[in-house]
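Next come the chains, spelled out residue by residue.
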Amino acid sequence: MPDPVRLPYSQLDQLPDRDPEETAEWRESLDAVTKAAGPHRAAYLMRRALEHTARTEGTALPSLLETDYVNTIPTSAEPDFPGDEALEARITAWNRWNAAAMVTRGARYGLGGHIATFASAAWLYETGFQHFFRGKEGTDSGDQLYLQGHASPGIYARAFLDGRLTEEQLDHFRQEAGGAGLPSYPHPRRLPWLWEFPTVSMGLGPLSAIYQARFNRYLHHRGIKDTSRSRIWAFLGDGEMDEPESTAALALAGREGLDNLTFVINCNLQRLDGPVRPNFKIVQELEAQFRAAGWNVVKSLWGRAWDEVFAQDTDGAVVRRLREVPDAQFQTYATRDAAYLRDHFFGADAALQAIGRTLSDAKLLELFQTSRAGHEPRKVYAAYRAAVEHKGAPTVILAQTVKGYTLGTGFESRNANHQMKKLTGEEFRTMRDLLELPIPDSALADGLVPYWRPAEDSPEMRYLRERRAALDGPAPARKVVAKPLPMPADKSFDALKKGSGNQEIATTMAFVRLVKDLMRDKETGRRWVPVVPDEARTFGMESLFPSAGLYSPMGQTYDPVDRDQLLYYKEAKNGQILNEGITEAGSLADFTAAATSYATHGEPMIPFYIFYSMFGWQRTADQFWALADQLGRGFVIGATAGRTTMTGEGLQHADGHSHLIASTNPAALSYDPAFAYEVAVIVKEGLRRMYGPDAEDVFYYLTVYNETKVQPAMPEGVEEGILKGLYRYQEGPRPQADSPRVQLLASGTAIHWVLEAQRLLAADWGVAADIWSAPSWTELRRDALECDAARLDGEDRIPYVTRALSGAPGPVVAVSDWMRAVPDQIAPWVEQDWVSIGTDGFGLSDTRDAARRHFGVDPQSVVVQTLAALARRGEVKPETVKEARERYGL
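Just so it is clear, the structure is predicted and the values come from calculations on it, not from any experiment. (Residues numbered from 1 in each chain as written. Predicted model: local features only at pLDDT ≥ 70, side-chain atom pairs only at ≥ 80, totals over all residues. Heavy atoms only, no water.)

Looking at the overall build of the protein chain
Secondary structure summary: the protein chain contains 34 helices and 20 strands in total. Taken along the three principal axes of its C-alpha coordinates, the protein chain extends 110 × 90 × 55 Å. Across the 890 residues that make up the protein chain, the buried fraction comes to 57%. In the protein chain, of all internal contacts separated by at least 6 residues, the share reaching a separation of at least 24 is 77%. Summed over all atoms, the accessible surface of the protein chain reaches about 36600 Å², with 50% contributed by carbon and sulfur. On the protein chain, the mean spot of the 98 positive side-chain charges and the mean spot of the 119 negative ones are 2 Å from each other. (Helix = DSSP H or I, 4+ residues; strand = E, 2+ residues; numbered from the N terminus. Buried < 20%, exposed > 50% of the residue type's maximum accessible area, 1.4 Å probe, protein only. Contact = heavy atoms within 4.5 Å. Areas by Shrake-Rupley, 256 points an atom, 1.4 Å probe, with all protein chains shown as cover. Lys, Arg positive; Asp, Glu negative; His and termini not counted. Charge placed at Lys NZ, Arg CZ, Asp CG, Glu CD.)

The following block contains the structure:
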């Protein structure tokens, strides 16, 4: 019978034990070690055995997810430091000083800024600037730096030191209204020669960095740009890793072996308002998370002062104590006296007490207040060197620091240091003495702390310039060298302009057909980057699979199940389509990397990101904002658009508001085309505006529909109206000379409802209705706002929508498959009586006809609303409205 005390079965019990006797001997050996030397010794031996077998060829064992709370690279294994440590220390000191001075001077105006983050991470940045971060003056793209937003004062301080910023510019930190100030954080749109990547919306930086590294490989594998020397460095805070986006793509980076990517996580153990893991260990948690995702993990935790302690730790008592003390307690240690440290840390057991007795009070304070690996350039250099030399996987460096380091006891490791925006005069004097800066007391006398820099011919400045020259110029830097793209031949657009004849096609399919033709263009075809979150077949894109291929760095290592079909699933190392799986956030990060390639790599790419319109802006509006900040260019396609057009899908799929969210983004040019020819005109203009000689930093949002209709040929002379957002598509029939008249405006698929309403109004009620297509309510509004602003300056400018509708008789009735607020954007500039009809409320599952009747946007409902508007004007009898409701069963 089974042993009643046996431990639960493991997966190994499914394998035959070829030598049970040997297995028993191993178990007995471990039991003996545990009994003789304790469980810690047994665990140590097991870890050593696992490490050994992991390095043995042919031994397949999963790696440990956590290691001890010590440095991955001990002092004895550190590489030689190639720089002048004394000069680098002085350069770093100047940057610390000027960063604190800039923020404190700004505090005079109540502007503030963040000091503690850069103070904590200064050596993490400076070691990179001196030895690793490559600029853009070489023959390739250099490195891409995702810098922590709250550390921006330190980056400005360095740009001041290397001559790229002046004192006057530093004094305009966070004062941008005049046009010459410095933005608070990395904002490329505000300072496009310096910043490449916006990172302060926490969580988006790490996500974007992963997809940027992936896109670099994509460009390389497709033969568009050699990016083999470019490395992505992402600087993050340990608190930032709480954001779900921060860890959303870790598995992608590990799975694809992105060894061109390094995360540097500054583990100062603090969020913005206190400890990150008060009762736990953030470093250990992150290590396990990254290792599980396939990353190489380098822990750089303790400074050299700890070497003496570890040398005495012959049975692991100190290492165990370091691991068991929670993070919030370590924060407390950094602020307490030697007696507290001796009692609380070293008083835990006899072995620790013995070590503690060998340490002086000064040594204890050094250990817990200052000796962190992130504050020692040799240890930072060793970690960075290990990262760049590691092959086959991305690397994360977990570097431990003290938040507010060198800013004095009032700042260091304080819960409130994120909200502390300035130093006092006495604190600056203390900081000056600690950093050994040659600033006289007289320079601090008037209360306005000065900026300071060495002379141009000083050893520090010569060293700084030499190091940056060796690394291909200043960094960070944004440099646009891309040339305009030639316009594709007209024939690709003409096919849509001719209409579909008797064939019914949806505008979604019209767009896909257009892009498929454009991807065949000899000049620009290979620059298209289709991005789709998984459901390419839903959008009719399967025809691109065999011809363009889906990108995979491994190619296709399997025989696809549909290989015998014409449109089979073809993956390729040089594939063009980025089919990302179910991740709008990842897809938009892909899109952003491609949309900014013209600046990052000098290679303009034409991305189009197609998605369920409901799941684009609503889920990732923050990323769209970052895309605008990063000056991205490309086409964003909200497919299966509209609140009533997605038959049967229901509340969470029915989009009636993405155009409202998009309208809040100044860089997004939003269009809701009704016909295939409108799609052609908009895309052609988009290519000109974004990739022509006078390229603009905008991107296009088009909503397209999955409702099949016969697509008409383009009428003459409507291109301007399409692009501006409104044109008269069709005059209504005149039942009688004195028939009431009305103007029906519609966008997207609603054009077909108003065309039917036009017929009903004429046939049933003797009302003439002119039909207007409104491809962009948002662009009409923006033009009107610009005209209003111009009139305040004395210009005589009339909004386009006002001019277009000028003199049109009757009320204006605006209809769309969107909330009424979407067309209501233009109401203030319409001189006629205004009525809007839309799909306010939650979506629901039903047929299109039933859903449209529910929301009151079907043709019959449009007729009744139109008659009501005419009745209010006295142009039809009030009882006509009731009669119409009864006739149509409303």
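Topic: the packing of aromatic side chains
According to the stated counting rule, one finds 51 aromatic pairs in the structure shown. Judged by centre distance (6.4 Å) and plane angle (80°), the rings of Trp765 and Tyr888 are edge-to-face. A residue pair is termed long-range when its members are at least 10 positions apart, and Trp765 in helix 29 (residues 750–765) and Tyr888 in helix 34 (residues 878–888) qualify at 123 residues. Each member of the pair, Trp765 together with Tyr888, is buried. Taken together, Tyr69, Trp302, Trp306, Phe310, Phe330, Tyr333, Tyr340, Phe345, Phe346 and Phe368 form an aromatic cluster joined through their ring pairs. For Lys281, the ring lying beneath its charged end belongs to Tyr69, and the centroid distance is 3.8 Å. In this arrangement the basic side chain of Arg619 is found over the ring face of Phe615, its NZ or CZ atom lying 4.6 Å from the centre. (Phe/Tyr/Trp six-rings, centres within 6.5 Å; stacked < 30°, edge-to-face > 60°. Lys NZ or Arg CZ within 6 Å of the ring centre and 35° of its normal.)

Overview of the pairing of strand 4 (residues 296–300)
Summarising burial for strand 4: five of the five residues are buried, a large majority. Pairing geometry for strand 4 and strand 5 (residues 395–400), over five bridges, is parallel. Bridge pairing in strand 5 places Ser300 opposite Ala399. (Pairing = 2+ DSSP bridges.)

Brief notes about the side chain of Arg432
Looking at the element boundaries, Arg432 is found in helix 18 (residues 425–435). Residue Arg432 is classed as buried on the basis of its relative accessible area, which comes to 9%. Side chain to side chain, Arg432 and Asp433 meet in a polar contact 3.1 Å long. (Polar contact = N/O pair within 3.5 Å; in protein donor to acceptor, adjacent residues only side chain to side chain.)

Some thoughts on helix 27 (residues 676–691)
In this model helix 27 runs 22 Å from its N-terminal to its C-terminal C-alpha over 16 residues, within 8% of the 22 Å that 1.5 Å per residue would give. With 14 of 16 residues buried, helix 27 is to be regarded as a mostly interior element. (Expected span 1.5 Å × (residues − 1).)

Here we look at the sheet that holds strand 3 (residues 261–267)
Read from one edge to the other, the open sheet built from five strands follows the order 1-2-3-5-4, with strand pairing classed as parallel. Sheet topology places strand 1 (144–146) and strand 4 at the edges, where each strand pairs with a single neighbour. Across the sheet, the mean angle separating the axes of adjacent strands is 15° when strand polarity is ignored. (Axes fitted to C-alpha atoms, helices over the stretch in contact; angles between N-to-C directions.)

Concerning unusual backbone geometry
Residue Ala475 is joined to Pro476 through a cis peptide bond whose omega torsion reads -5°. Following the sequence through the fold, Pro476 ends up in the loop between helix 19 (459–470) and helix 20 (491–497). Of note, Thr640 is a non-glycine position whose phi angle comes to about 45°, a positive value. With respect to the secondary-structure elements, Thr640 resides in the loop between strand 12 (635–639) and helix 26 (658–663).

A word on helix 12 (residues 317–324)
Looking at helix 12, one finds that the buried residues are Ala317, Val318, Val319, Arg321 and Leu322. Those residues of helix 12 hidden inside the fold are in contact with helix 11 (307–312), helix 13 (327–333), helix 14 (338–344) and helix 15 (350–356).

Focus on the sheet that holds strand 16 (residues 727–730)
Taken together, the five strands give an open sheet; going across it, the order is 16-18-17-19-20, and neighbouring strands pair in mixed fashion. Looking at strand neighbours, the two that pair on one side only are strand 16 and strand 20 (834–837), the edges of this open sheet. On average, each strand axis in the sheet is tilted by 30° relative to the strand beside it, whichever way the strands run. When strand 16 meets strand 18 (residues 768–773), the two strands line up antiparallel, connected through three bridges. By the bridge assignment, Gln730 is partnered in strand 18 with Ile771.

Things to note about the environment of His657
Along the chain, the position of His657 falls in the loop between strand 12 and helix 26. Dropping the residues within four chain positions of it, His657 is found in contact with Met614, Gln618, Arg643, Trp818 and Met819. Within the structure, the side chain of His657 is placed 2.8 Å from the side chain of Arg643, a separation counted as a polar contact.

Comments concerning the packing of helix 3 (residues 85–106) against helix 4 (residues 116–131)
Viewed as axis vectors pointing N to C, helix 3 and helix 4 meet at an angle of 135°, and their least axial separation amounts to 10 Å. Classified by the interaxial angle, the pair formed by helix 3 and helix 4 is oblique. Between helix 3 and helix 4 lies a crossing of right-handed hand. Residue-level inspection shows Glu88, Ala89, Ile91, Thr92, Asn95, Arg96 and Ala99 of helix 3 in contact with helix 4, the latter providing Phe118, Ala119, Ala122, Trp123, Glu126, Gln130 and His131. In the contact of helix 3 with helix 4, the residues fall into seven nonpolar, four polar and three charged. (Parallel < 35°, antiparallel > 145°, perpendicular 65-115°, else oblique. Left-handed = near helix turned anticlockwise from the far one by under 90°. Nonpolar A, V, L, I, M, F, W, Y, C, P; charged D, E, K, R; others polar.)

Observations concerning the nonpolar core
Phe635 and Val683 are the most contacted members of the largest nonpolar core, which has 86 residues in total. Per-element tally for this core: the top contributor is helix 27, with ten residues. Every residue in contact with Phe635, bar those within four places of it in the chain, is listed here: Trp528, Phe591, Ile606, Pro607, Phe608, Tyr609, Val683, Gly686, Leu687, Met690, Tyr700 and Leu702. Listed in part, the 65 residues of the second largest apolar core include Ala119, Trp195, Val380 and Tyr451. (Core = buried A, V, L, I, M, F, W, Y, C linked by side-chain atoms within 4.5 Å.)

As for the pattern of salt bridges
Counted by the stated rule, this structure contains 54 salt bridges. Where Arg619 meets Glu584, a salt bridge forms, and the shortest distance between an N and an O atom there is 3.0 Å. Linking Arg619 in helix 25 (residues 617–629) with Glu584 in helix 23 (residues 584–595), this pair joins segments that are 35 residues apart in sequence. For Arg619, a relative accessible area of 51% corresponds to the exposed category. The structure contains a network of salt bridges with shared partners spanning Arg134, Asp140, Asp143, Arg229 and Asp472. (Salt bridge = Lys/Arg side-chain N within 4 Å of Asp/Glu carboxyl O.)

Structural notes on the layout of surface pockets
Its boundaries defined by the atoms lining it, the second largest pocket holds a volume of some 1100 Å³. Looking at the second largest pocket, it is lined by 27 residues, and the ones nearest its centre are Tyr44, Arg47, Asp68, Val70 and Val319. Mapped by element, the contributors of at least two residues to the lining of the second largest pocket are helix 2 (39–55), helix 11 and helix 12. In terms of residue count, helix 2 provides more of the lining of the second largest pocket than any other element does, seven residues in total. Among the residues making up the lining of the second largest pocket, the classes are represented as eight nonpolar, seven polar and twelve charged. (1 Å grid on protein atoms, 1.4 Å probe; cavity = no way out; pocket = protein on both sides within 12 Å on 5 of 7 lines; lining within 4 Å. Points joined across faces, edges and corners; volume = space filled by probe spheres on them.)

Quick notes on the side chain of Thr127
With respect to the helices and strands, Thr127 occurs in helix 4. Sequence-distant contacts of Thr127, that is, excluding residues within four places in its chain, are made with Phe132, Pro377, Val380, Tyr381 and Tyr384.

Digging into the pairing of strand 19 (residues 812–815)
Moving residue by residue along a regular strand, the side chains alternate between the two faces of the sheet. Side chains Val812 and Ala814 of strand 19 all project onto a buried face; the interleaved residues Val813 and Val815 project onto the opposite face, where all are buried too. Two elements, strand 17 (residues 741–746) and strand 19, share four bridges in a ladder whose sense is parallel. The residue bridging Leu744 from the neighbouring strand is Val813, located in strand 19.

Re the packing of helix 29 against helix 33 (residues 859–872)
For the pair helix 29 and helix 33, the least separation of the axes is 8 Å and the interaxial angle reads 60°. As judged from the angle between their axes, helix 29 and helix 33 are oblique. Our pair here, helix 29 against helix 33, has a crossing hand that is right-handed. For the pair helix 29 and helix 33, contact is made by Trp753, Glu756, Ala757, Leu760, Leu761 and Trp765 and by Pro859, Gln860, Val862, Val863, Thr866 and Leu867, respectively. Class assignment of the residues belonging to the contact of helix 29 with helix 33 gives a composition of nine nonpolar, two polar and one charged.

Topic: the confidence of the model for the protein chain
Looking at the protein chain, pLDDT values average 92 and 96% of them are 70 or higher. Throughout residues 415–419 the model reports pLDDT below 50, and contacts reaching past four residues in sequence, or to other chains, amount to 17 contacts. (pLDDT = per-residue confidence, 0-100.)

What to know about the environment of Asp672
Within the secondary structure, Asp672 is located in the loop between strand 13 (668–671) and helix 27. Judged by relative accessible area, which is 1%, Asp672 ranks as buried. Expressed as a C-alpha distance, the spacing of Asp672 and Asp738, which sit 66 residues apart in the sequence, is 34 Å. Excluding residues that lie within four positions of it along the chain, Asp672 makes contacts with His659, Thr703, Tyr705, Ser747, Gly748, Ala774, Pro775 and Trp818. A polar side-chain atom of Asp672 sits 2.6 Å from a polar atom in the side chain of Ser747. Within the local environment of Asp672, its side chain forms a polar contact with the side chain of Trp818, the two groups lying 3.0 Å apart.

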